[in-house]
Amino acid sequence: MKKITFISCLFLTFYGNIFAQKTVKYNVYLRSDAGTDTMWDGRIIRVYGIASRLSEAPHIPAKTLYCNEGDTLILKALSISQGDHHTVHLHGLDATTINDGDPATSFWLNHQQEANYAVYAAHAGTYLYHCHVADVLHVQMGMYGLIVVKPRDGSNTTWTGGTAFDRSYNWILSEIDPSWHDSIPVHDAVVDTVHIPPYIPKYFLINGKTETQLPVNDSTVIRGTSGQTIYLRVGSIGFFYERLIFPSWMHAHKIDSDGRPLDEPVQNDTIEIAPGERYGILLDAASNKLDNINVEFVNMNTDSIWSVQHVPVIITSSSVDDSYSSSGDLQIFPNPTESFVTFSFSKKENDQAIIQVTDILGKTVYSGNAILPLQLDIRSFPSGIYRASVKTKNRSFHASFTVYH
Amino acid sequence: MQRFFVNAILFFAAITSEAIATPQTLYINRGSFVTIKKTTFPSLAVNTTEVYDAHNAVIAATPGEVLNLTIINNDSVLHGFSVTGFTSQSVTIKPGKSAQIHLTIDKEGIYLYYDSIQYPSFVYLGAAGMIVSSKSTHRSFYWNIKEQQASLNESISRGGKFSKGNYDPDFFTINGLSYPDIQADTTAKIWGSVGDTVSIYMVNTGQSMHSIHFHGFHLKCLFSTSPNIRAGWEKDSWPIKSMQGVVLELVIDKIGRYSVHDHNLVAVSAAKTHPNGMFMIMEMK
């Protein structure tokens with residue numbers, strides 16, 4: 001009996017150490033003094049943001065923060081706001097009033113003021129953090145990021161006791177109206193009051209990237225090996241809602257929202273997400289496929305689609321090599337296509353490629369140089385079969401693809 | 001037996017303290033909507049008196065109750081009256097005339113009543129509200145959320161029609177009020193003490209989608225008319241599309257003051273001034 005008790009105690013001590021919850025602390029620098037991001041067309045946009053080091057200029061979005069269920073998460077915030085004010089709102093983590101970062105109910109930080117925002121991470125899931133001072137402006141300017149609370153043991157499961165997955169991706173969706181960034185609306189004397197200009201976004205972002213930036217951004221492109229399960233965490237922080245349209249073969253199903261499991265999974269190829277919401281989506285990578293996830297950005301007032309962004313999905317039979325160190329074969333997808341086509345090597349090559357696309361009569365309809373992947377807008381191409389020629393320093397490839405409208 | 005009397009007292013206390021009577025007569029009124037900026041524009045409302053009030057009537061029922069409603073058209077043009085789930089009983093009402101509608105509300109939930117003539121123009125002008133059916137004895141709050149574009153109200157009141165084409169609303173309200181005025185609406189301002197459970201009945205009678213985010217709390221959905229939201233879900237952000245409604249349950253587990261607002265942050269404004277729109281601060285004691 002003594003032996004059993006001793007072993008039990010030993011086990012509990014060991015188990016307790018394995019899953020001992022802890023305090024996870026991040027430094028966050030709330031900056032409205034410096035920061036730019038470059039859009040796909042080369043336009044440089046002035047941004048505010050949340051940097052993780054004092055020497056670092058902010059970018060959209062802020063770094064994703066991680067902790068485990070049961071941890072205490074502390075954000076040590078320093079405001080570099082010049083004449084402005086900032087806070088950190090722990091969106092969805094149900095913080096107490098003092099830690100909520102809402103200037104209407106709690107404190108705000110003046111220039112060079114610092115404070116800790118603390119919250120107990122009670123539930124695994126996807127959350128947001130953003131500045132809540134004049135939030136319509138400071139969020140638009142870029143002061144936001146994701147918080148991921150992993151299961152208690154930090155494992156690759158959707159929540160403690162949830163579904164296991166092989167790979168995960170985090171997407172945060174937003175927009176930019178450059179006119180707000182070119183001529184930043186001035187605050188009134190009242191801290192949280194701002195006169196807002198008309199909102200006419202021009203750039204529609206996934207993890208701060210858009211259009212041709214998406215296929216070359218490792219955080220957005222969905223890669224996997226056939227047979228794997230992929231878990232996509234998505235948060236929306238813009239002023240539009242989004243419609244994610246998944247290839248049917250991925251069997252997309254929502255399994256959690258706003259940091260809580262849904263009572264039962266909802267399978268649908270089209271998933272809508274509105275500002276402030278988060279969803280956890282399980283995706284099947286059953287077999288080798290090259291495809292796109294299309295993300296429609298929809299005006300909240302008119303229900304009209306202002307932009308469709310295309311994110312490549314690359315599922316291969318060999319294990320995914322995230323270092324992209326060796327050369328590989330040319331891939332063209334989706335094929336057939338109606339709007340965009342992506343040229344990619346199965347393994348990344350750093351050499352410039354010369355890409356030429358000809359129609360069925362041999363007429364060149366596109367030519368250019370790029371480091372692949374390259375996403376090409378073919379909406380102006382007439383329906384038909386096209387031949388692509390891709391040449392690098394040492395190799396050349398030829399392949400066909402079909403355009404239909 | 002003792003429990004029955006306690007429940008009965010709680011029930012009557014709940015419905016009388018919130019002053020939500022079960023109106024039998026409704027008036028379709030035309031009036032002037034006064035914004036938080038003290039500007040005005042033409043508007044419609046459905047009220048329990050013949051005096052225009054931007055706060056549309058909340059019709060409360062208990063499951064199994066038959067609602068016998070008389071609707072009086074207090075306006076100078078033809079109007080209609082329909083209820084979601086009961087559209088076969090829609091009526092049209094000539095100016096100065098009345099019509100009756102009898103609804104057997106057999107299930108708990110939330111329903112929207114609305115003006116079915118020139119749809120959605122008169123709804124857009126304000127003629128829409130909620131019917132709630134509940135056995136709950138919890139303290140209840142009622143949010144009719146909506147947005148308006150002042151110039152469009154002027155246009156429609158002169159005979160124009162609502163069009164979503166270039167819709168760009170500039171006023172965002174809860175029960176016809178913007179922050180901070182909404183803080184004084186006792187039917188909307190959410191409050192309670194630790195340990196309380198409160199119910200929030202919310203309909204979107206506007207034409208835009210609104211994504212309502214609660215600080216400090218996750219709420220449980222008890223009923224939903226929206227295909228995007230299911231009963232049983234627990235969330236902090238609730239996207240409510242046009243002419244949809246939800247019933248939410250909030251369990252108060254901590255004290256403090258917490259905001260609730262549309263997370264389309266442009267909607268937390270009035271006449272392009274932030275924060276004057278769809279925004280309220282809850283008080284938990």
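Residues numbered from 1 in each chain as written. Chains lettered and ligands numbered in written order. Predicted model: local features only at pLDDT ≥ 70, side-chain atom pairs only at ≥ 80, totals over all residues.

Trainee: Explain the overall build of chain A here, please?
Mentor: On a plain count of helices and strands, chain A comes out with three helices and 29 strands. In terms of overall dimensions, chain A is globule-like: its C-alpha atoms have a radius of gyration of 23 Å, near the 22 Å expected for 405 residues. Across its three principal directions, the C-alpha atoms of chain A cover 75 × 70 × 40 Å. Long-range pairs, those at least 24 residues apart, make up 68% of the contacts in chain A between residues at least 6 apart in sequence. (Helix = DSSP H or I, 4+ residues; strand = E, 2+ residues; numbered from the N terminus. Rg over C-alpha atoms; globule rule 2.2 N^0.38 Å. Contact = placed C-beta atoms within 7 Å.)

Trainee: Explain the overall build of chain B to me, please; I cannot follow it from the model alone.
Mentor: Each helix and strand counted, chain B has three helices and 21 strands in total. When its C-alpha atoms are laid out on the principal axes, chain B stretches across 55 × 45 × 35 Å. Taking all 285 residues of chain B together, the buried fraction comes to 53%. In chain B, the proportion of contacts linking residues at least 24 apart, taken out of those at least 6 apart, comes to 66%. (Buried ≥ 20, exposed ≤ 12 C-beta atoms within 10 Å, placed from the backbone.)

Trainee: Mind showing me how you'd approach the sheet that holds strand S5 (residues 65-68) of chain A here?
Mentor: Consider a sheet: its strands pair through backbone hydrogen bonds, and that pairing is either parallel or antiparallel. Residue and element names in this part refer to chain A. Read across the open sheet, the four strands follow the order S5-S10-S9-S7; overall the sheet is mixed. The outermost strands of the open sheet, each flanked by one partner alone, are S5 and strand S7 (89-91). Taken pair by pair, the neighbouring strands of this sheet meet at an average axis angle of 25°, ignoring direction. (Pairing = 2+ DSSP bridges. Axes fitted to C-alpha atoms, helices over the stretch in contact; angles between N-to-C directions.)

Trainee: Even after reading the chapter, I still don't get the sheet that holds strand S24 (residues 340-345) of chain A, so can you show me in this structure?
Mentor: Residues and elements named next belong to chain A. The strand order S23-S24-S27 describes an open sheet built from three strands, whose pairing is antiparallel. Pairing within the sheet leaves two strands with one partner each, and these edge strands are strand S23 (330-333) and strand S27 (374-377). Along the sheet, successive strands turn relative to each other by an average axial angle of 20°, direction set aside. Summarising the sheet, S24 and S27 pair through four bridges and their orientation is antiparallel. The residue bridging Phe 340 from the neighbouring strand is Asp 377, located in S27.

Trainee: How do you make sense of the domain arrangement of chain B when you look at a structure like this?
Mentor: Accessible area lost upon the coming together of the parts is a frequently used measure of interface size. Residue and element names in this part refer to chain B. Along its sequence, chain B is carved into domain 1 (2-137) and domain 2 (171-284). Averaged C-alpha coordinates put domain 1 and domain 2 at centres separated by 20 Å. Facing 21 residues of domain 1, the contacting portion of domain 2 comprises 20 residues. Of all the secondary-structure elements, those providing two or more residues to the side of domain 1 that touches domain 2 are strand S8 (109-114), helix H2 (121-125) and strand S9 (128-133). If you tally residues by element for the side of domain 1 that touches domain 2, the top one is S9, at four residues. Taken together, the residues that form the side of domain 1 that touches domain 2 break down as twelve nonpolar, six polar and three charged. (Domains from an automatic or database assignment. Nonpolar A, V, L, I, M, F, W, Y, C, P; charged D, E, K, R; others polar.)

Trainee: Could you clarify how one ought to interpret unusual backbone geometry in this entry?
Mentor: In most cases, non-glycine residues show a negative phi, while peptide bonds are predominantly trans. Residue Phe 333 of chain A is joined to Pro 334 of chain A through a cis peptide bond whose omega torsion reads -15°. Within the secondary structure, Pro 334 of chain A sits in the loop between S23 and S24. Cis peptide bonds are those with omega within 30 degrees of zero, and the linkage from His 274 of chain B to Pro 275 of chain B qualifies with 5°. Tracing the chain through its elements places Pro 275 of chain B in the loop between strand S20 (273-274) and strand S21 (279-284). A positive phi angle is found at Asp 303 of chain A, which is not glycine, with a value near 60°. Examined against the element boundaries, Asp 303 of chain A turns out to sit in the loop between strand S21 (289-298) and strand S22 (305-316). Take Asp 303 of chain A: there are 15 C-beta atoms within 10 Å of it, and that puts it in the partly exposed class. The phi torsion at Met 243 of chain B lies on the positive side, around 60°, for a residue other than glycine.

Trainee: Teacher, can you tell me more about the interface of chain B and chain A here?
Mentor: Across the boundary between the two partners, chain B contributes 37 residues, which contact 35 residues of chain A. Mapped onto the side of chain B that touches chain A, the elements with two or more residues apiece are strand S14 (210-214), strand S16 (234-235), strand S17 (237-240), strand S19 (256-262) and S20 of chain B. Examining the composition of the side of chain B that touches chain A, we find that four residues originate from one element, S19 of chain B, more than from any other. When its residues are assigned to classes, the side of chain B that touches chain A shows twelve nonpolar, 17 polar and eight charged.

Trainee: What is the right way to read the domain arrangement of chain A from this model?
Mentor: In terms of domains, chain A is made up of domain 1 (23-160) and domain 2 (325-405). For domain 1 of chain A versus domain 2 of chain A, the separation of C-alpha centres amounts to 40 Å.

Trainee: Would you mind going over the pairing of strand S10 (residues 144-150) of chain A with me for this structure?
Mentor: Here is the key point about a regular strand: its side chains alternate between the two faces of the sheet. Residues and elements named next belong to chain A. Taking burial as the measure, the seven residues of S10 include six buried ones, the bulk of the element. Pairing analysis gives four bridges linking S5 to S10, with the strands arranged parallel. If you follow Cys 67 over to S10, its bridge partner there is Val 149. Pairing geometry for strand S9 (residues 125-130) and S10, over six bridges, is antiparallel. Residue pairing for S10: Leu 128 is matched across the bridge by Leu 146.

Trainee: Sorry if this is basic, but what is going on with the pairing of S24 of chain A here?
Mentor: Residues and elements named next belong to chain A. With six of its six residues buried, S24 lies for the most part within the structure. Residues Phe 340, Thr 342 and Ser 344 point to one face of S24 and Val 341, Phe 343 and Phe 345 to the other, with burial holding for every one of them. Two strands pair when backbone bridges link them, and S23 and S24 are joined in this way by four bridges, in the antiparallel orientation. Of the residues in S24, the one forming a bridge with Leu 330 is Phe 345. The hairpin formed by S23 and S24 contains six residues between the paired strands.

Trainee: Would you take a moment to explain the nonpolar core for this structure?
Mentor: Most often, soluble globular proteins have nonpolar side chains that are buried together. Ala 127, Met 130 and Met 202 of chain B are the most contacted members of the largest nonpolar core, which totals 166 residues. Ignoring any residue separated from it by four or fewer positions in sequence, one finds Ala 127 of chain B in contact with Ile 28, Leu 44, Ala 45, Val 46, Tyr 114, Asp 115 and Phe 122 of chain B. In this structure, Ile 355, Leu 372, Tyr 386 and Val 403 of chain A belong to the second largest nonpolar core, which totals 15 residues. (Core = buried A, V, L, I, M, F, W, Y, C linked by C-beta atoms within 7 Å.)

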